[in-house]
Amino acid sequence: MTDNSPFASRPLIPRPVTAVAGDTAGLVLTASTRVSADPDARGTLTWLQRELGAATGLPLATGDETSSQIRLSVDPGAGLGREGYRLIVDDEGALVVGNDPAGVFYGAQTLRQLLPADAYRAAPLGGTEWTLPAGSVTDAPRFAWRGAMLDVARHFLPKREVMRFVDLMAAHKLNVLHLHLTDDQGWRVEIRRYPKLTERGSWRTRTQQGCATPPVFDDRPHGGFYTQEDVREIVAHAAARHVTVVPEIDVPGHSQAAIHAYPELGECGRIPVGTQWGVFEEVLAVTDEVLEFYRGVLDEVVELFPGPYVHVGGDECPKAQWRSSPSAQRRIKEEGLADEDELQSWFIRQLDAHLTARGRRLVGWDEILEGGLLERDGAGGGGRAGISPGATVMSWRGEEGGVAAARAGHDVVMSPTRTSYLDYRQSDAADEPVRVGTLLRTEDVYLAEPVPEGLTDEEAAHVLGAQVNVWTEHVDTPRRLDYMVFPRLSAFAEQVWSTGERDYAEFEPRLRGHLERLDAAGVEYRPLEGPRPWQTRPGVVGWD
Ligand code: ACM
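Note that the structure is a prediction, hence the values are computed from the model and not measured.

Glancing now at the overall build of the protein. Broken down by element type, the protein carries 17 helices and 21 strands. For a compact globule of 544 residues, the expected C-alpha radius of gyration is about 24 Å, and the protein comes in at 24 Å, within 12% of that figure. Counting all 544 residues of the protein, 60% fall into the buried class. Look at the contacts in the protein between residues 6 or more apart in sequence, and 74% of them connect residues 24 or more apart. Surface exposure of the protein reaches about 20,600 Å², of which carbon and sulfur atoms provide 50%.

Spelled out as structure tokens, the structure:
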């Protein structure tokens with residue numbers, strides 16, 4: 001790529017494996033430009049016609065294979081690698097060849113980046129020349145799991161905003177949306193056999209503002225949930241953009257909303273849906289009835305979310321209630337467990353067996369390793385059976401959980417707080433809203449390395465990829481979400497997609513060019529220089 005090429009003014013993010021500028025003018029899209037696709041690439045054809053048709057105002061009508069200027073094809077024999085593609089543009093046309101349908105889609109996303117930033121608008125401004133510069137791009141992702149978690153429990157995000165988020169993920173070639181659907185402060189997915197989960201559990205009377213002591217509240221009800229139809233719509237919208245949705249039903253901690261709806265699930269009688277932030281002692285009882293309840297929840301969840309993974313949380317479960325609970329102590333005795341940590345592990349294993357029998361893979365936060373989850377006393381029953389081989393660990397409290405799981409032969413997704421928590425502060429400046437966690441600048445996200453040091457090649461192969469997590473205690477609107485997520489998500493895309501050295505000084509000018517696309521798309525990102533006045537939240541206290 002030469003610096004003065006048209007490619008250079010259309011910076012590609014994430015950076016592809018190779019991009020070579022051609023020496024001709026390129027292809028100009030006009031009212032007579034036709035597009036065609038192999039049968040396996042029709043989904044991308046529809047997406048391209050809809051998105052670029054809206055932005056350019058051009059018909060981009062479907063043509064046949066020989067008369068079309070833009071051609072989308074799938075060729076698994078082209079040696080492009082999983083999700084890989086090649087895009088070739090000359091004065092006559094543009095050809096996208098994908099290894100698979102996802103590869104074609106990513107090639108089409110790159111094609112969009114090669115157009116002026118106005119290609120990210122929803123309607124044409126008039127007067128734009130839609131030139132695709134000549135050249136070729138060959139590309140494939142480094143990792144298979146390029147994820148983002150949205151916490152829609154602490155603050156509900158309407159489905160239209162979830163789908164917009166999926167569009168923005170896909171524009172960055174990210175492919176896993178993890179929805180944190182339940183927590184102390186809200187239950188967000190309709191479960192038909194247990195309607196009170198959403199009737200009662202999907203809203204709270206008020207919400208803590210920031211983290212001041214004593215706590216400050218806004219005294220406004222907050223709520224919302226996705227009907228099963230909404231979920232199917234989100235999942236289909238995501239699938240059309242090659243994004244898999246991973247649902248999370250968080251157990252056995254973080255369950256106040258469920259216990260509010262069905263007090264028999266807990267050890268504490270009826271409690272309100274949580275209104276404050278933190279880790280709370282009210283946890284699920286470990287009875288047969290509670291297990292049966294959650295098997296029923298998971299049965300509906302697997303019907304709604306067709307992807308291979310179901311996340312059952314497992315994080316931050318205080319053990320005090322189990323220590324004084326006769327039923328928990330009876331279970332520990334009956335099952336020959338050593339303590340409450342092993343009880344948690346036992347509980348997770350019951351759900352693992354249920355999911356595995358339904359052909360799904362359990363995902364859990366790294367606390368699921370406590371209580372010896374990975375250890376097996378001989379195969380096939382008797383003693384303590386370990387978790388199923390397909391169970392996948394999400395390493396958030398640093399890298400240790402991921403390292404232990406990879407060494408034990410389990411797949412892992414890395415999302416350590418220090419490099420992955422997008423609720424964490426973007427600067428230490430006084431006007432940075434709302435300052436929680438450790439400093440996590442765009443640069444820090446960009447330079448983070450997903451594979452922990454010290455793993456053998458075989459162990460490192462268990463690192464499926466990485467994920468950023470958007471916790472929303474202090475993210476109460478889509479505007480705030482944009483501020484916390486962008487442009488850090490753009491930097492993350494390159495962390496998980498691109499191979500080779502990463503140099504922030506090289507990235508930043510490309511990122512500045514990319515911000516024009518985010519502007520065109522209407523994304524209210526955090527400017528690299530700091531918040532705009534209306535993006536600050538004076539008086540809302542964070543934590544260190
Ligand atoms: C977590 O941040 N509690 C996974």
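Alright, that's what it looks like, and here's the rest.
Moving on, we get to the sheet that holds strand E1 (residues 18-21). Read from one edge of the open sheet, seven strands run E1-E9-E6-E7-E5-E3-E4, paired in mixed fashion. If you trace the sheet from one side to the other, it starts and ends with E1 and strand E4 (61-62), each paired once. Relative to strand E5 (residues 70-74), strand E3 (residues 34-37) runs parallel, the two sharing three bridges. Of the residues in E5, the one forming a bridge with Ser36 is Arg71. The sheet contacts of helix H2 (residues 101-114) involve E5, strand E6 (85-89), strand E7 (94-98) and strand E9 (135-139), and relative to E6 the element is tilted by about 35 degrees.

With that settled, consider the pattern of salt bridges. Evaluation of the coordinates by the stated rule reveals 41 salt bridges. Across the pair Glu524 and Arg479 runs a salt bridge, and its minimum N-O distance is 2.8 Å. With Glu524 in the segment after helix H17 (504-521) and Arg479 in helix H15 (residues 478-485), this residue pair connects regions lying 45 residues apart in the sequence. Glu524 gets classed as partly exposed once you look at its relative accessible area, which sits at 27%. Through salt bridges with shared partners, a single network forms among Arg15, Glu494, Glu506 and Arg510.

With that settled, the discussion passes to helix H3 (residues 159-171). Under the 1.5 Å per step criterion, the end-to-end length of H3 is 18 Å for 13 residues, consistent within 8% with the ideal 18 Å. Within H3 the residues assigned to the buried category are Glu161, Val162, Met163, Phe165, Val166, Leu168, Met169, Ala170 and Ala171. Buried-residue contacts for H3 involve H2, strand E10 (145-151), strand E11 (176-180), helix H5 (228-239) and H15. Lys173 lies just past H3 and shows a positive phi near 65 degrees.

For helix H1 (residues 42-56), which comprises 15 residues, the first-to-last C-alpha distance of 20 Å matches the rise-based estimate of 21 Å (1.5 Å per residue) to within 8%. When we look at burial in H1, the residues that qualify are Thr44, Leu45, Trp47, Leu48, Leu52, Gly53, Ala55 and Thr56. Buried residues along H1 sit in contact with E3, E4, E5 and H2. Positioned one or two residues after H1, Gly57 has a phi angle of 75 degrees, which is positive.

Attention now moves to the confidence of the model for the protein. Across the protein, pLDDT averages 96, with 97% of residues at or above 70. Every residue in residues 377-383 scores below 50 in pLDDT, and together they form three contacts with partners more than four places removed in sequence or on other chains.

Let us now look at the nonpolar core. In this structure, Leu177, Trp187, Leu197, Tyr294 and Val297 are the most contacted members of the largest nonpolar core, which totals 122 residues. No other element matches helix H7 (residues 288-304), which puts nine residues into this core.

Turning our eyes to something else, we now look at the sheet that holds E11. The strand order around the closed barrel formed by eight strands is E10-E11-E16-E17-E18-E19-E20-E21, and the pairing between neighbours is parallel. Along the sheet, successive strands turn relative to each other by an average axial angle of 25 degrees, direction set aside. Where strand E17 (residues 309-313) meets strand E18 (residues 361-365), three bridges bridge the pair, whose relative direction is parallel. Pairing of Tyr309 across the sheet is with Arg361, part of E18. H7 rests against strand E16 (244-251) and E17 of the sheet, and its axis sits at about 170 degrees to E16.

Between H7 and helix H10 (residues 340-357), the shortest axis-to-axis distance is 10 Å and the interhelical angle comes to 40 degrees. Looking at the two axes, H7 sits oblique to H10. Where H7 crosses over H10, the handedness of that crossing is right-handed. For the pair H7 and H10, the contacting residues are Val290, Leu291, Tyr294, Arg295, Leu298, Asp299 and Val302 in the first and Trp346, Phe347, Gln350, Leu351, His354 and Leu355 in the second. Partitioning the contact of H7 with H10 into residue classes produces nine nonpolar, two polar and two charged.

A few words on the environment of Glu190. Relative to the helices and strands, Glu190 resides in the loop between strand E13 (186-187) and helix H4 (196-199). Along the sequence, Glu190 and Val231 sit 41 residues apart, while their C-alpha atoms lie 8.9 Å from each other. Residues contacting Glu190, with those up to four places away along its chain left out, are Thr198, Phe225, Tyr226, Thr227, Gln228, Glu229, Glu300 and Leu304. Side-chain polar atoms of Glu190 contact the side chain of Arg192, separated by 3.4 Å. Within the structure, the side chain of Glu190 is placed 2.8 Å from the backbone nitrogen of Gln228, a separation counted as a polar contact.

What follows concerns the pairing of E3. Note: E3 against E4, two bridges, orientation parallel. Considered in E4, the bridge of Arg34 is made with Ala61. Traced from E3 through H1 to E4, the parallel crossover comes out right-handed.

Alternating positions in strand E19 (residues 392-395) separate into two faces, Thr392 and Met394 on one and Val393 and Ser395 on the other, with burial throughout. Both E18 and E19 contribute to a ladder of three bridges, which runs parallel. Along E19, the bridge assignment pairs Val363 with Thr392. Bridge count for E19 against strand E20 (residues 411-414) is four bridges, and the pairing is parallel. Residue pairing for E20: Val393 is matched across the bridge by Val412. A crossover links E19 with its parallel partner E20, the connecting element being helix H11 (residues 400-407), and its sense is right-handed.

What counts as what
- Residues numbered from 1 in each chain as written.
- Predicted model: local features only at pLDDT ≥ 70, side-chain atom pairs only at ≥ 80, totals over all residues.
- Heavy atoms only, no water.
- Helix = DSSP H or I, 4+ residues; strand = E, 2+ residues; numbered from the N terminus.
- Rg over C-alpha atoms; globule rule 2.2 N^0.38 Å.
- Buried < 20%, exposed > 50% of the residue type's maximum accessible area, 1.4 Å probe, protein only.
- Contact = heavy atoms within 4.5 Å.
- Areas by Shrake-Rupley, 256 points an atom, 1.4 Å probe, with all protein chains shown as cover.
- Pairing = 2+ DSSP bridges.
- Axes fitted to C-alpha atoms, helices over the stretch in contact; angles between N-to-C directions.
- Salt bridge = Lys/Arg side-chain N within 4 Å of Asp/Glu carboxyl O.
- Expected span 1.5 Å × (residues − 1).
- pLDDT = per-residue confidence, 0-100.
- Core = buried A, V, L, I, M, F, W, Y, C linked by side-chain atoms within 4.5 Å.
- Parallel < 35°, antiparallel > 145°, perpendicular 65-115°, else oblique.
- Left-handed = near helix turned anticlockwise from the far one by under 90°.
- Nonpolar A, V, L, I, M, F, W, Y, C, P; charged D, E, K, R; others polar.
- Polar contact = N/O pair within 3.5 Å; in protein donor to acceptor, adjacent residues only side chain to side chain.
- Right-handed = clockwise from strand over helix to strand, strands pointing away.

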